[in-house]
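One-letter residues, chain by chain:
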Amino acid sequence: ALVNPTINGIAQSGYTGFKNYIINGNFDVWQYGTSQTTSGYGSDDRWFNGNMGSTKTHSQVACTDVERALFSASKFSRTVVSSVVGASSYVIKRQSIEDITKLAGKTVTLSFWAKADGNKNIWLELKQNFGTGGSPSSEVVGVYGQAIALTSTWQKKTITVTVPPIIGKTLGTDGVHTSSIQFQFWFDVGSVNLGRIPTGIQQSGTFDIAQVQLEEGSVATPFEQRPY
């Protein structure tokens, strides 16, 4: 029989049936480091913080008492962008959700808290990857794109998306194991990528994100607090 584990002598429940498909959506775990300037995985676990042309500093920020009261977190993600003009320039943050079959054809809702250093937009994109040897062989980009208006005050954002079905597509040679869907935040967008997110622009600034949750259905429910 399955037995709930204990942490510090306290029985833990709820280890199955998690509703949030985002891992480390509360930005609790930073095993790589508490900041990074390189492109890739280098700070908050499971999050890819990428850039090209433009530069960025991505870092962990401790919540104030006011922020903890607002969204019950101890940390959040900060990306400080220094935009460099160039067609291929960009700064992004994304998470890949393994196994494209999990959410194919389903309605999902992404919710998160966000703010910037002024009135600015960021952009959300959904991508599909069918895995090594899959068809189509390259990522399907621009599946969904939306501008998200931010201010200097924390706001909770909610976006509902219907994930495209995968009928007629071929998974990679290793099945679902390298396939994924990806939810990607764009902070700075060069002209090469404007076909994916038409309203994007190049911009510098500071962009903060907290408590990211992706769940099935068309309603954003309260953030799921997972055991550390």
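Before reading further, recall that the structure is shown in the block above.
All figures in this text were calculated on a predicted structure; none of them were measured in a lab.

A. Local environment of the overall build of the protein. Scanning the protein for helices and strands turns up 1 helix and 13 strands. In the protein, the succession of α and β elements from N to C terminus is β-β-β-β-β-α-β-β-β-β-β-β-β-β. Taken over C-alpha atoms, the radius of gyration comes to 18 Å for the protein, in line with the 17 Å a tight globule of 228 residues would show. Taking the principal axes of the C-alpha coordinates as reference, the protein spans close to 55 × 50 × 30 Å. Here the protein holds 228 residues, and 46% of them are scored as buried. The long-range fraction of contacts in the protein, counting pairs at least 24 apart against all pairs at least 6 apart in sequence, stands at 74%. By element, 53% of the accessible surface of the protein is carried by carbon and sulfur atoms, the whole surface being about 10600 Å².

B. Summary view of the sheet that holds strand β5 (residues 55-62). Strand order in the open sheet formed by 6 strands is β3-β5-β6-β13-β8-β11, with antiparallel pairing between adjacent strands. The open sheet is flanked by β3 (35-36) and β11 (155-162), the only strands paired with a single partner. When strand β8 (residues 107-116) meets β11, the two strands line up antiparallel, connected through 8 bridges. Bridging across to β11, L110 finds its partner in I159.

C. Spotlight on unusual backbone geometry. Despite not being glycine, R46 shows a phi value in the positive range, around 75°. A relative accessible area of 37% places R46 in the partly exposed class. Located in the positive-phi region is D99, a residue other than glycine, with phi close to 75°. If you trace the backbone, D99 turns up in the loop between β7 (90-98) and β8.

D. Molecular detail of the sheet that holds strand β10 (residues 140-150). Strand order across the open sheet formed by 5 strands is β4-β7-β12-β9-β10, with antiparallel pairing between neighbours. What marks the edges here is a single partner per strand, and that holds for β4 (48-52) and β10. Each strand of the sheet is rotated relative to its neighbour by a mean of 25°, with strand direction disregarded. As judged from the 7 bridges shared by strand β9 (residues 120-129) and strand β12 (residues 180-189), these two strands associate in the antiparallel manner. Pairing of L126 across the sheet is with F183, part of β12.

E. Fine view of the environment of T101. Note on placement: T101 falls in the loop between β7 and β8. Classification of T101 by relative accessible area gives partly exposed; the value is 35%. Each C-alpha atom, one on T101 and one on S179, is 8.4 Å from the other, the two residues being 78 residues apart in sequence. A polar side-chain atom of T101 sits 2.5 Å from a polar atom in the side chain of D99.

F. Inspection of the pairing of β7 at higher detail. In terms of burial, β7 is largely enclosed, as 7 of its 9 residues are buried. Judged from the 5 bridges that link them, β4 and β7 form a sheet pairing that is antiparallel. Bridged to M52 within β7 is Y90. Where β7 and β12 come together, 9 bridges link them in antiparallel fashion. Each bridged residue has a counterpart across the sheet, and for R94 the counterpart in β12 is Q184.

How each quantity is defined
Residues numbered from 1 in each chain as written. Predicted model: local features only at pLDDT ≥ 70, side-chain atom pairs only at ≥ 80, totals over all residues. Heavy atoms only, no water. Helix = DSSP H or I, 4+ residues; strand = E, 2+ residues; numbered from the N terminus. Rg over C-alpha atoms; globule rule 2.2 N^0.38 Å. Buried < 20%, exposed > 50% of the residue type's maximum accessible area, 1.4 Å probe, protein only. Contact = heavy atoms within 4.5 Å. Areas by Shrake-Rupley, 256 points an atom, 1.4 Å probe, with all protein chains shown as cover. Pairing = 2+ DSSP bridges. Axes fitted to C-alpha atoms, helices over the stretch in contact; angles between N-to-C directions. Polar contact = N/O pair within 3.5 Å; in protein donor to acceptor, adjacent residues only side chain to side chain.

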